[in-house]
Amino acid sequence: MLSTALTISFFVLGPILIIRAAQGKYLFRFPIFYSYIVYMVVSGAIVTGLYISGSAHYPVAWWFRYLLSLLVEFAVVVEISDHLFSPYPAIRQLGRLLVAGICVTFFFLYVLPSLLEVRPASVTILDLAKRTSVTKAAAIIILIAAARYYHLRLGKNVAGMLVGFSFYLAVNVANFALAETYGRQLYAQTLGTLLQLSYALCLLVWTVSLWRYEPVLQTDRELPETAEKVSEPLAVQLGRFDTALTRLFRK
């Protein structure tokens, strides 16, 4: 019953997110994020249809969707990065490169070694899911650190996106680690339930925070005053850096 209720909540909250954004005419404000939501809803509907019809293709379709979703979820990280640096187009491109660099580095140093180990397929998949979640969490932490360092304002929409996704990733990392420890017989049911529950709560946070579009009002912020001098506003510093990067990219 709990699994059914969580499935229903997914098919309620997901479309509500999309429909509300369409009504408010701000789908284009978060194109990568809403493309991800559309993918999850449509692919979820297809897999659920196969399950209800008793199709023999359901297990393969479910695993294909799940493994692909591990990659598609990086779209949320990219969207957060884009909006953190939205006033600075060149720095936004640099932010995407930073996210890509983090992901590639973690893939070769952290994810790939796990795939090369000779282990049962179920253990390999659990470890892959855990490590991809850790990779996304690392990218999120670095973006938060950048926002804090440069005093960048998140706004309600991006902050909610960040909080919901961070909660989902934190639960996933702990969930997959426990599944590896206790195995299929003891933890399989709990694993599936927590996966659904964490995503449902993530969608709920996103629905509340993205109920209406609230643009971020950019203000000049200054660094703390030192004994020698008062630093110029960070917005000015970032603006100069953005201009320099724009000229570099044009070359």
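Each helix and strand in the chain was counted, giving 8 helices and 0 strands. Scanning the chain from its N terminus toward the C terminus, one meets helices and strands in the order α-α-α-α-α-α-α-α. Within the chain, the proportion of its 251 residues that are buried is 37%. By sequence separation, contacts in the chain at least 24 residues apart represent 73% of the contacts at least 6 residues apart.

Looking at the chain, pLDDT values average 80 and 76% of them are 70 or higher. Between the elements of the chain, mean pLDDT differs from a low of 48, seen in helix H8 (residues 234–250), to a high of 95, seen in helix H2 (residues 31–52).

When two helices pack together, their arrangement is given by the angle between their axes and by how far apart the axes lie. Interaxial distance between H2 and helix H4 (residues 74–84) falls to 8 Å at its minimum, and their mutual angle equals 160 degrees. What the angle tells us is that H2 and H4 run roughly antiparallel. When the axes of H2 and H4 are compared, the crossing they make is left-handed. Between H2 and H4, the residues in contact are Pro31, Ile32, Phe33 and Tyr36 and Ala75, Val76, Val78, Glu79 and Asp82, respectively.

By the secondary structure assignment, Val104 is in helix H5 (residues 89–116). Judged by its relative accessible area of 45%, Val104 is partly exposed.

Next up on the list: a nonpolar patch on the surface. On the surface, Phe167, Leu197, Leu201, Leu204 and Val208 cluster together to form a nonpolar patch covering roughly 400 Å² of accessible area. Inspection of the secondary structure puts Val208 in helix H7 (residues 155–209).

Here we take up the packing of aromatic side chains. Summed over all chains, the structure comprises 15 aromatic pairs. Ring centres of Phe10 and Phe11 lie 4.9 Å apart, and the angle between their planes is 75 degrees; on these two criteria the pair is classed as edge-to-face. The buried category is assigned to Phe10, whose relative accessible area is 11%. Assessed through its relative accessible area of 27%, Phe11 is described here as partly exposed.

Before going further, it helps to examine unusual backbone geometry. Phi at Lys25 takes a positive value of approximately 60 degrees, unusual for a residue other than glycine. Residue position: Lys25 is located in the loop between helix H1 (2–24) and H2.

What follows deals with the nonpolar core. The biggest cluster of nonpolar side chains holds 40 residues, and the ones touching the most others in it are Phe33, Ile37, Ile80 and Trp206. At the level of secondary structure, the elements contributing two or more residues to this core comprise H1, H2, H4, H5, helix H6 (121–149) and H7. Broken down by element, this core gets its largest block of residues, 10 residues, from H7. Ignoring sequence-local partners within four residues, the contact set of Ile80 consists of Ile140, Leu143, Val158, Met161 and Leu162. Of all hydrophobic cores here, the second largest spans 9 residues; its members include Leu70, Leu126, Ala129 and Leu195.

Turning next to the pattern of salt bridges. Scanning the entire structure with this criterion turns up 4 salt bridges. Between Asp127 and Lys130 there is a salt bridge whose closest N-O contact spans 3.5 Å. Here Asp127 and its partner Lys130 are both found in helix H6, 3 residues apart, which amounts to about one turn of the helix. By the burial criterion, Asp127 is buried, and Lys130 matches it. Here Lys156 makes a salt bridge to Glu214, at a shortest N to O gap of 3.9 Å. Placement of the pair is Lys156 in helix H7 and Glu214 in the loop between H7 and H8, with a sequence separation of 58 residues.

Bringing the packing of H1 against H2 into the picture now. Two numbers describe how H1 lies on H2: the axes approach to 10 Å, and their chain directions differ by 145 degrees. Every pair of crossing elements has a handedness; the one defined by H1 and H2 is left-handed. Contact residues: Phe10, Phe11, Gly14, Pro15, Leu17, Ile18 and Ala21 in H1; Tyr34, Ile37, Val38, Met40, Val41, Gly44, Ala45 and Thr48 in H2.

In this model helix H3 (residues 58–72) runs 20 Å from its N-terminal to its C-terminal C-alpha over 15 residues, within 8% of the 21 Å that 1.5 Å per residue would give. Residues of H3 that are buried include every one of Ala61, Arg65, Tyr66, Ser69 and Leu70, and no others.

So, about the side chain of Ser209. Of note, Ser209 is situated in helix H7. Reaching out from Ser209, the side chain makes a polar contact with the backbone oxygen of Val205 at a distance of 2.9 Å. Residues within four places of Ser209 in sequence aside, it is in contact with Lys156, Asn157, Gly160 and Met161.

The rules behind the values
- Residues numbered from 1 in each chain as written.
- Predicted model: local features only at pLDDT ≥ 70, side-chain atom pairs only at ≥ 80, totals over all residues.
- Heavy atoms only, no water.
- Helix = DSSP H or I, 4+ residues; strand = E, 2+ residues; numbered from the N terminus.
- Buried < 20%, exposed > 50% of the residue type's maximum accessible area, 1.4 Å probe, protein only.
- Contact = heavy atoms within 4.5 Å.
- pLDDT = per-residue confidence, 0-100.
- Axes fitted to C-alpha atoms, helices over the stretch in contact; angles between N-to-C directions.
- Parallel < 35°, antiparallel > 145°, perpendicular 65-115°, else oblique.
- Left-handed = near helix turned anticlockwise from the far one by under 90°.
- Patch = residues over 30% accessible without salt bridge, like charges linked within 9 Å, V, L, I, M, F, W, Y side chains within 5 Å.
- Areas by Shrake-Rupley, 256 points an atom, 1.4 Å probe, with all protein chains shown as cover.
- Salt bridge = Lys/Arg side-chain N within 4 Å of Asp/Glu carboxyl O.
- Phe/Tyr/Trp six-rings, centres within 6.5 Å; stacked < 30°, edge-to-face > 60°.
- Core = buried A, V, L, I, M, F, W, Y, C linked by side-chain atoms within 4.5 Å.
- Expected span 1.5 Å × (residues − 1).
- Polar contact = N/O pair within 3.5 Å; in protein donor to acceptor, adjacent residues only side chain to side chain.

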